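Single-letter residue listing:
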Amino acid sequence: MALRDDQIGGQLIGSGWLAGQGEEFLSEPASGAARRFTSATSAEVDGAARAAEDAFAAFAATTAQHRARFLDRIAAEMRAREERITVIACAETGLPEARIRAEFARTTGQLRLFAQHALTRGWLDERHDPGLPTRIPPRPDLRLIQRPVGPVAVFAASNFPLAFSVAGGDTASALAVGCPVIVKAHQAHLATSEIVADAVDTARKAERLPPGTFALLQSATRMTGTALVTHPLVRAVGFTGSTVGGRALFDLCAARPEPIPFYGELGSVNPLFVLRGAGLRRGAEIARAWATSLTQGAGQFCTKPGLVILPAGEIAERFLQVAVEALAETPSQCMLSDTIAQGFRVSIARLEEKSGVVTGHNTVAKEGRDMGPVLLRTTADAFLADPEMAEEAFGPGGLAITVADPEEAVALARSLSGQLTATVHGDPEDQAEARALFGILERKAGRLIWNGFPTGVEVADAMVHGGPFPASTNFGHTSVGTLSIRRWLRPACYQDIPSGLTPVR
Ligand code: NAP
């Protein structure tokens, strides 16, 4: 049954849409009419988890070709709804149409990438130690293969209504390996979530996959997410969002009678170091590009380069002058939700109150969702004395830090917590300083960048979108790229088991 506009508001559980038994609430779109939704109850969470568990054995036993067809079909069903998705996603999030269309292409491309990746056997990590019956002691025949973990919960992100949401990377990677998925939609884009879920469900039915392979839960209460991560049939969780929310859900996963892995992609300030040679020769060019990267998508990217570290003196002053000029030309942009806009105001106000922080440029609106860019500045001394300055301000704002010498830049790098990315801009004469910095930064960040910018995360085999806490809750993994499927697998060893009894070839 295809979703019609007048059916929006319920939960997708098992074989189809349910009206929803929970409390009603209204969406808060950036433009257009609010829509009515219901919050998934704990009984509905239980229904989704049971249906996912019921689907698991059959879905895990499907061939890679079948799952690849499913993923390709989801992409096709999304394309069939592209105009509706674009209109609703723009209205809900306030993001411009060009951005939504680019994200749409990235999302369908990602689905196709995982379809292709499912067909390669590399991710199975097959290993074989042949039996040595005459050895003393004898060695049994051992075969290792990666197996899907079971039903997976995915928390959609506010800042990527498509690429990190209902049919985004977490969902695509889990479905690729045979894990049923239960998505907790994000309140910032509920109607978008429902249309995309309808595309996934239509593809599931067309591919004759079991009910329960995919579910969507909508909610305005924390109870839904809590019930989901503590449900005994849920085997792993994927999450993109705040450090506070992610930490709370991580702790719930760890405190379960049977703990499960929680793969949270949380906060990051993504430091960008400008070294002396590059600053002297290309400072103005780097400053303009930094201002663009900083304010792209109203600064609502987890890879926004929120900290720029500059050699004090002429290089820093020239850089900041050019950056302020570029920011002054950057128009206000609509933020994803009232809550996120307010969170940004609070973060900037808190930073401005700190001793040693001065405003280079501040066009933060006192109310509403339209937000102008902000540039604050401080010294390494002040920054090192106050760890709170290193907290993420989610929005179009950046903090410039001046360092007296390369040793201070190294001390600053050493002080940072885990990051998704760390960037160094340098010229050939900066090699020695760059080497010293990278030696520290590679222990801090999942992705290291030379003379580039961290926004624009390529979905590829070699991508790492993760890092030590608080960038992520699990530094051994990535939430972007084909390696992200490892989160939904566990190695199983088959000892002396004849072929035909196990999934091993
Ligand atoms: P969030 O508040 O962490 O929420 C993400 C999801 O987790 C939502 O579905 C939320 O449900 C749920 N959730 C959060 N805390 C929970 C709890 N204690 N128990 C149960 N469920 C919980 O993130 P957000 O709404 O996307 O944005 C808020 C802030 O997160 C931003 O201002 C920004 O600082 C940060 N953020 C960072 C990134 C990044 O990539 N680094 C991306 C997006 C957001 P509810 O909606 O019901 O609360």
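Everything numeric in this text was worked out from a predicted model, so none of it was measured.

A. Local environment of the overall build of the protein chain. What the protein chain contains, in helices and strands, is 14 helices and 21 strands. Over its C-alpha atoms the protein chain spans a radius of gyration of 24 Å, differing by no more than 12% from the 23 Å that the globule rule assigns to 505 residues. Over its C-alpha atoms, taken along the principal directions, the protein chain stretches across nearly 70 × 70 × 40 Å. The buried share of the protein chain, reckoned over its 505 residues, is 58%. Contacts in the protein chain between residues at least 24 apart in sequence constitute 75% of all its contacts with a sequence separation of at least 6. About 20,500 Å² of surface is accessible on the protein chain, with carbon and sulfur atoms providing 54% of the total.

B. Summary view of the layout of surface pockets. Empty space within the second largest pocket amounts to approximately 370 Å³. Around the second largest pocket, the lining is made up of 19 residues, and of these Thr62, Ala64, Arg67, Arg121 and Leu124 lie nearest the centre. When residues in the lining of the second largest pocket are grouped by element, the largest group, four residues, is from strand E6 (residues 142-148). Its residues assigned to classes, the lining of the second largest pocket comprises eleven nonpolar, five polar and three charged.

C. A look at unusual backbone geometry. Omega for the peptide link from isoleucine 136 to proline 137 comes to -5°, which places this bond in the cis form. Considering the arrangement of structural elements, one finds proline 137 in the loop between strand E5 (127-129) and E6. Between phenylalanine 469 and the following residue, proline 470, the backbone shows a cis peptide bond with an omega angle of 5°. Along the chain, proline 470 falls in the loop between strand E20 (445-450) and strand E21 (489-495). Even without being a glycine, arginine 208 presents a positive backbone phi close to 55°. Mapped onto the elements of the fold, arginine 208 is located in the loop between helix H6 (190-206) and strand E9 (214-217).

D. Layout of the pattern of salt bridges. Summed over all chains, the structure comprises 25 salt bridges. Arginine 50 serves as the salt-bridge partner of aspartate 46, at 2.9 Å between the closest nitrogen and oxygen. Taken together, the residues span about one helical turn, with aspartate 46 and arginine 50 both in helix H1 (residues 42-60) at a distance of four residues. The shortest N-O distance in the salt bridge between arginine 235 and glutamate 258 comes to 2.7 Å. Of this pair, arginine 235 sits in the loop between helix H7 (222-229) and strand E10 (236-240) while glutamate 258 sits in the loop between helix H8 (243-255) and strand E11 (262-265); the two residues are 23 residues apart in sequence, bridging distant segments of the chain. Residue classification places arginine 235 among the partly exposed positions, given a relative accessible area of 25%.

E. Spatial organisation of the site of the ligand. Taken together, 22 residues lie around the ligand, and Ser158, His186, Ser242, Leu266 and Cys302 are the ones closest in. Here the ligand, which alone exposes 860 Å², has 87% of that area covered by the protein. Among the secondary structure elements, those contributing two or more residues to the shell around the ligand are H7, E10 and H8. For the shell around the ligand, the leading source of residues is H8, giving three residues. Each residue belonging to the shell around the ligand can be placed in one class, and the counts come to eight nonpolar, ten polar and four charged. A domain split of the shell around the ligand shows at least three residues from each of domain 1 (10-131 + 151-266 + 472-501) and domain 2 (272-450).

F. Molecular detail of the domain arrangement of the protein chain. Split into domains, the protein chain comes out as domain 1 (10-131 + 151-266 + 472-501) and domain 2 (272-450). The distance between the C-alpha centroids of domain 1 and domain 2 comes to 33 Å. In this assembly, 13 residues from domain 1 lie in contact with twelve residues from domain 2. Here domain 1 packs against domain 2, burying approximately 1,000 Å² in sum over the two surfaces, 58% of which is carbon and sulfur. On inspection of domain 1 and its partner domain 2, the count reaches zero salt bridges. For the pair domain 1 and domain 2, the number of links is three residue pairs in polar contact (both at pLDDT 80 or more).

G. Region of the structure containing empty space enclosed by the protein. Inspection of the entire model under this criterion finds four cavities of 30 Å³ or more. Put simply, the largest cavity is a space of about 120 Å³. Lining the largest cavity are 15 residues, and of these Lys304, Gly306, Glu391, Ala393 and Gly397 sit closest to its centre. Among the elements of the structure, helix H11 (338-353) and strand E18 (397-403) are those that each provide at least two residues to the lining of the largest cavity. Considering each element in turn, the lining of the largest cavity owes the most residues, three residues, to E18. Tallied by class, the residues present in the lining of the largest cavity amount to eight nonpolar, four polar and three charged.

H. Region of the structure containing the nonpolar core. Membership of the largest hydrophobic core comes to 99 residues, with the highest contact counts inside it found for Leu71, Ile74, Phe214, Leu216 and Phe273. Element by element, the count of residues in this core is highest for H6, at eight residues. In this structure, Ala40, Val45, Phe155 and Leu249 belong to the second largest nonpolar core, which totals 22 residues.

Reading the values: the criteria
- Residues numbered from 1 in each chain as written.
- Predicted model: local features only at pLDDT ≥ 70, side-chain atom pairs only at ≥ 80, totals over all residues.
- Heavy atoms only, no water.
- Helix = DSSP H or I, 4+ residues; strand = E, 2+ residues; numbered from the N terminus.
- Rg over C-alpha atoms; globule rule 2.2 N^0.38 Å.
- Buried < 20%, exposed > 50% of the residue type's maximum accessible area, 1.4 Å probe, protein only.
- Contact = heavy atoms within 4.5 Å.
- Areas by Shrake-Rupley, 256 points an atom, 1.4 Å probe, with all protein chains shown as cover.
- 1 Å grid on protein atoms, 1.4 Å probe; cavity = no way out; pocket = protein on both sides within 12 Å on 5 of 7 lines; lining within 4 Å.
- Points joined across faces, edges and corners; volume = space filled by probe spheres on them.
- Nonpolar A, V, L, I, M, F, W, Y, C, P; charged D, E, K, R; others polar.
- Salt bridge = Lys/Arg side-chain N within 4 Å of Asp/Glu carboxyl O.
- Near = heavy atom within 4 Å.
- Domains from an automatic or database assignment.
- Buried area = accessible area lost by both parts, 1.4 Å probe.
- Polar contact = N/O pair within 3.5 Å; in protein donor to acceptor, adjacent residues only side chain to side chain.
- Core = buried A, V, L, I, M, F, W, Y, C linked by side-chain atoms within 4.5 Å.

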